[in-house]
Amino acid sequence: MKMKWTGIIIAVLTLLTAVLFFYIAGDFMGPEDSYAARKLPEKVDYNFHIKPILSDNCYTCHGPDANKRRAGLRLDLEQEAFGELEDHPGSFAIVPGNPKKSEVYHRIYTEDKNEMMPPPDSRRALNAYEKKLIEKWIKQGARFERHWAFIPPKKEELPVTATSGWIQNEIDAFVLKKLEDNHLHPSEKAAVSTLVRRISLDLTGLPPGRKELQKLGKDPTEETLSGVIDEFLSSPAYGERMTQAWLDVARYADSHGYQDDSYRTMWPWRDWVIHAFNSNMGYDRFLTWQLAGDLLPEAGKEQILATGFNRNHPITQEGGVIQEEYQSAYVVDRTNTFGKAILGITLECAKCHDHKYDAISQKNYYELYSFFNNVDEKGLQMDAVQAAERSFFADPPYITITASEAKGLLSFVQLEEGPPVKVMVMNDSMPRETHVLNRGNYDDPGEKVQPGTPERIFPFPDSLPKNRVGLAKWVTDRNNPLTSRVIVNRIWGMLFGKGLVSTSEDFGVQGSLPTHPALLDWLSVDFMENGWDLKYLLKKIMMSATYQQRSELTPELKLADPENNLLGRAPRFRMNGEMIRDYVLATSGLLNREIGGASVKPYQPPGLWEETNAGGNRGILTTYVPDTGDKLYRRSLYTFWKRTLPPPNMTIFDAPTRDFSEVRRQKTNTPLQALALQNDIQVLEAARVLAQRILAKGPDPREPVREVFETILVRSPGKEELSTLNRYYHDALEDFQNGLRNADNLVAIGEYEQLDTDPSKTAALMLTAQIIYNLDETITRE
Amino acid sequence: MENKQQAPDNPLKVNRRHFFSQLSVGIGSLALGSLLIPDLFDRGKDPVRGNPIGIPHFAPRAKRIIYLFQAGAPSQLESFDYKPSLLTRMGEDLPDSIRKGQRLTGMTSGQESFPLMPPAIGFKQYGQSGAWVSDYFPHIARIVDDICIVKSMHTEAINHDPAITFFQTGSQVSGRPSMGSWLSYGLGNENKNLPSFVVLTSRGEGNSQGLYSKLWSSGFLDSKHQGVLLRAGKNPVLYLNDPDGVSRSDKRHLLDQVSSLNKLHLAETGDDEIESRIAQYEMAYRMQMSVPDVMDISREPEAIIKLYGEDCQVPGTYAANALQARRLAENGVRFIQLYHQGWDQHGNLPNEMSAQARDVDQASAALIIDLKQRGMLDDTLVIWGGEFGRTNYCQGKFDPANYGRDHHPRAFSIWMAGGGVKPGLSYGLTDEFGYNILENPVHINDFHATLMYAMGLDHERLTYKYQGRRFRLTDVAGNVIKELLA
């Protein structure tokens, strides 16, 4: 008997182990069989099927990098791949239409370790599916095409779908077609309260007011919805929300970075960005002013201020640096930022060598570099201590903005009375010869280069001046294949949690391919046709049925498309740190909606700057002294950004350091986030103030818990939700009233004035609010 | 909608998310997943390729690292690289044939001469190995047979920020993941109640340079791999402490409500991310106990306090952090990073250096002794060193009683112990000026490759694909220095 049981247990364990092993094996390398069984596409596409394989497995030795090339063979160019092999006269790597005569075919199928490609020591290997794809592609004629992102976008005919009832605008046709191809259905429209909250968060970074909710009623028409979107778009909070994202892209900070990391005054530039978004400046112009405002014929102080974009990079104040080295580092930063932020191409690899994948040569890199290499910058001439003593917070060149200018021409700069402020800007007053820097070393110049752009992306027209104005014209040219796609993709990512190209920083060969290429192209062309109008683009997307879907995962969708690549539902994703803090402030009624001005210092755990500073009083950012009063409740984009120690309640939620340009944030889920939401004074105080405000409304508000819930989540609670919270509230209240718990210290949290409410009730309701602030739904855009 | 998902027909067809949501409900499944396969949930963007395969790559010697970083760069000439010939050459100008055009920092590039300056302190030989150690480090001198001194470290950086960034991330330019993050990514976490990478800082009285959170940043890796700064005092992890008026059981009760409401919403939305959020809240709750527990040294016996020195009872000192490091190591933390600031002796070196050495000497040696007596030294790799060395010539006025030394990247010393490193070995040789390396140079990339090897990782295989490129801690270089390993 015993034996039998043991046998069964062993059998079960063996089975479990086998299942697990199989599963793990699949996760790590994938058994050949599962690849072999995969269905090949009817028409093998070079860009979407073949190039990712070649690029990932072959280009290291058979790609654009001349120094690493083996056997003189490159597979990234048609001509070369079809040519006779240097080492094997009479043989050809690829013979279109004839796999058996193609050396590539034999090399990928052979078992001979000396012949095998990729070679075993490269740690790369093709799976069965990839091999078959290459075989079929050669059979079909081995057609090479330019990299998809370098072919200018075109508006294709809208796809014909089997059904059309769901479609609200052009976007939906592309999405529905793809869903139908995969035998899936779109989701229903989201509930009105969800939709308004979603639109409000996406456009303003703040929860909606009751006004907007009421306006829409139970069953909003296209017209009322359109009206509400327009209202959000015209609120000043729109510009703040867009600016918050642009600050990452532009690596904005209130400190210089590096060793001493002392103070700088770039905030008037940030005020200009808010102004530009709110006045809906065309994206082409927005870029042009930031890249080259100083060189425009109409250049005034506003245009020059915009060029601060080029000077937002870190600047060292470390004693003993070789300025030449850092001057080069600053130009490198500008060049990389231009590539990542605007072109969606990571250029930095080409700083030291020909780009292995993207057909951007080292020479191309320094041609771009030379556009940014003529500025009369000196590097900070004083260390942090001297700079602080003399209130010298900018490295030349800079402009000075006075309080009276801030009342007139530059009225968008929120400068209070007092001394003028210096903002670093760009100029071309020190033309330098630019050379290729061998291996990227500032002290090892090679060939001399002229300003230019990578011809493979889009040749630089002869008619354009070879300066930053020309560069701006090149980048905003209707034929530039990248600029519009890149920003459209980022805006899409803002509204859907990820872009149609999920690597929004990399449209190069190694980046991801778009899930909906035709849709991306259609939107990109449409965006340019409509004057690079961002508000238009946002509204276009928001008016689609695709955007307005529910975000629930049905079992069907969860199984078929867990990553939501087919867009059969709206996404749910965690808000960023700024949005979470602003949400808490707004729902508690604490939010100070003042716009612009010098950055502020809200609550921060004490000691952080002090523990890591350079010791003594090096510079003026060695100790963190929080502000008081109203300044504690400003929107988070105004929180002081010290590069070496950015605000922890932002970095815990994946904010970057701003040491360099970043176009996409992670959306992690960590225990430190849970702790921050539970114990950050900012949140606890908000819960307290919200509780007091509700209790102060009357002698005995009927349903305080319901009111807290509705205020925070902008919807009515479900029955079970309400009963859970009510039970909690009454239990806690009883404990406080019976003296089992002490309310006094709890309700004393935060500087904000105390209202005259019953401490026990306040504490109980505060903790109830704290529960709601810690719900996944609260910090999620649904 | 029901909370349970429909079981697919063929269990072998489901992806891993479903696999585990079928296995058991909620938190248990997440924990199980990560126990079975470290970092299962972190496969990155490319589930098929570009991820560490079959980790560890080979049998690890060490399971964890304690890195005692001496920020500011201590002088090798007053610590472990004894150069008696500098005594006879005192005041002579550094010959060009030795300097060989080495670029200098702006602090001494303007100097008209570079007068050689001998060490301010005596050296003696110790132990079976006969290693030379300066009189500033009497305690470390006593453990020389347990440590391996590398006298031939070199770097390209000549300023603090890029140099320290290079050591921590393998690149002079910021943005790459820190060493600790790479190891957390590659090897996962041993303790579910503590982060896998923690950072402790302290500061001496010497001239110091700032530290930056980017040094323990996870860069493009998932931010769960970022170093968590454990701070001295009552709030060791940011936002760890509950407000007054919320007891442990009150907090449990409150979190139960959060959890039950989250579960309701999970049932409505079907989004597994909510399940993960619930798990993170539980981990946070456990950390509120486990972190103060591990940091509480009140039950350490008198002998241990004596071993590390009385300072170890003062939170925030190097000695306290060294003791803390041992406790964290015992609790399975993968990478424990200490920084001690104050080693930037551009002037007043004799005074500052002796004070700095007093801060760290006893406790550094104590840590080795303590790990050894617990049998933990075998699988704990301890590293002691700064970001570059210091010049053999004097910075500023020539005054043997009060001189300074500038930054020197071409040769400097660090030491390592435990974790499979050869004890009692002195590795590498510099010239009689202590300026250039004559034998066995060790670049930072080699250093990284070697310590990854000790941890069972192939530095060429632990990669992460980001922005179209496979990144490694060692970038495109690095050789494992097998001679350093036992």
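Residues numbered from 1 in each chain as written. Chains lettered and ligands numbered in written order. Predicted model: local features only at pLDDT ≥ 70, side-chain atom pairs only at ≥ 80, totals over all residues.

Participant: Tell me about unusual backbone geometry, residues and numbers included.
Facilitator: Residues and elements named next belong to chain A. In this structure, Pro118 follows Met117 across a cis peptide bond, with omega equal to -10°. Mapped onto the elements, Pro118 comes out in the loop between helix H6 (103-109) and helix H7 (128-139). Geometrically, the link from Pro396 to Pro397 is a cis peptide bond, its omega value of -5° lying close to zero. As for its position among the elements, Pro397 is in the loop between helix H18 (384-389) and strand E1 (398-401). Positive phi values are uncommon outside glycine, yet His183 reaches one of about 55°. (Helix = DSSP H or I, 4+ residues; strand = E, 2+ residues; numbered from the N terminus.)

Participant: So, the domain arrangement of chain A: which residues are in play, and what are the values?
Facilitator: In terms of domain boundaries, chain A breaks down into domain 1 (2-30), domain 2 (46-142), domain 3 (192-234), domain 4 (253-478) and domain 5 (679-781). Measuring from the centre of the C-alpha atoms in domain 3 of chain A to the corresponding centre in domain 5 of chain A gives 27 Å. (Domains from an automatic or database assignment.)

Participant: Let's hear about the confidence of the model for chain B: which residues, and what values?
Facilitator: Residue and element names in this part refer to chain B. The predicted model of chain B averages 87 in pLDDT, with 88% of residues at 70 or higher. Note on residues 1-53: pLDDT under 50 across the span, and 70 contacts to partners over four residues away in sequence or across chains. Listed scores for the predicted complex are pTM 0.84 and ipTM 0.89. (pLDDT = per-residue confidence, 0-100. Contact = placed C-beta atoms within 7 Å.)

Participant: Before we move on, can you summarise H7(A) with the specific residues and values?
Facilitator: Residues and elements named next belong to chain A. Compared with an ideal rise of 1.5 Å per residue, which puts 12 residues at 16 Å, H7 spans 17 Å between its outermost C-alpha atoms and is within 8% of the ideal. Taken together, the buried positions of H7 are Glu130, Leu133, Ile134, Trp137 and Ile138. Summarising the axial view, the buried residues of H7 lie within an arc of 130°, below the 170-degree limit, and thus occupy one face. The elements touched by buried residues of H7 are helix H3 (46-57) and H6. Looking one or two residues beyond H7, the residue adopting positive phi is Gly141, at roughly 115°. (Expected span 1.5 Å × (residues − 1). Buried ≥ 20, exposed ≤ 12 C-beta atoms within 10 Å, placed from the backbone. Arc of directions from axis to C-beta.)

Participant: Give a description of the packing of helix H12 (residues 236-249) of chain A against helix H13 (residues 267-278) of chain A that names residues and reports values.
Facilitator: All names here are of chain A. As a packed pair, H12 and H13 sit with axes 8 Å apart at the nearest point and diverge in direction by 125°. By the angle class used here, H12 and H13 are oblique. H12 and H13 meet at a crossing whose hand is right-handed. Only Arg270, Val273, Ile274, His275, Phe277 and Asn278 of H13 make contact with H12, whose side of the interface consists of Pro236, Tyr238, Gly239, Glu240, Met242, Thr243, Trp246 and Leu247. Of the residues belonging to the contact of H12 with H13, the class tally is eight nonpolar, four polar and two charged. (Axes fitted to C-alpha atoms, helices over the stretch in contact; angles between N-to-C directions. Parallel < 35°, antiparallel > 145°, perpendicular 65-115°, else oblique. Left-handed = near helix turned anticlockwise from the far one by under 90°. Nonpolar A, V, L, I, M, F, W, Y, C, P; charged D, E, K, R; others polar.)

Participant: Mind laying out the interface of chain A and chain B, listing which residues take part and the relevant values?
Facilitator: In this complex, chain A contributes 82 residues to the contact, which on the side of chain B involves 75 residues. It is helix H27 (residues 671-679) of chain A that provides the largest number of residues to the side of chain A that touches chain B, a total of seven residues. Of the residues in the side of chain A that touches chain B, the class split is 34 nonpolar, 28 polar and 20 charged.

Participant: How would you explain H27(A) if you had to name every residue and give the values?
Facilitator: Counting buried positions along H27(A) yields nine of nine residues, so the element is predominantly enclosed. Among the residues making up H27(A), those that are buried are Pro671(A), Leu672(A), Gln673(A), Ala674(A), Leu675(A), Ala676(A), Leu677(A), Gln678(A) and Asn679(A). Summarising the contacts, the buried residues of H27(A) are in contact with helix H26 (648-651), helix H28 (681-695) and helix H32 (759-773) of chain A together with helix H9 (272-295) of chain B.

Participant: Tell me about the nonpolar core, residues and numbers included.
Facilitator: Formed by 317 residues in total, the largest nonpolar core has its most connected members in Val423(A), Ala769(A), Cys148(B), Ala322(B), Val382(B), Trp415(B) and Met416(B). In contact with Trp415(B), other than residues within four places in its own chain, are Phe80(B), Ile147(B), Cys148(B), Ile149(B), Val150(B), Trp384(B) and Gly385(B). Formed by 20 residues, the second largest nonpolar core is a distinct cluster that contains Cys58(A), Ile94(A), Ile134(A) and Ile138(A). (Core = buried A, V, L, I, M, F, W, Y, C linked by C-beta atoms within 7 Å.)

Participant: I'd like a description of the environment of Val314(B), backed by residues and values.
Facilitator: Residues and elements named next belong to chain B. Mapped onto the elements, Val314 comes out in the loop between helix H10 (302-308) and helix H11 (318-330). A tally of 13 C-beta atoms within 10 Å means that Val314 is categorised as partly exposed. A sequence separation of 85 residues divides Val314 from Asp399, and the C-alpha atoms of the two residues are 36 Å apart.

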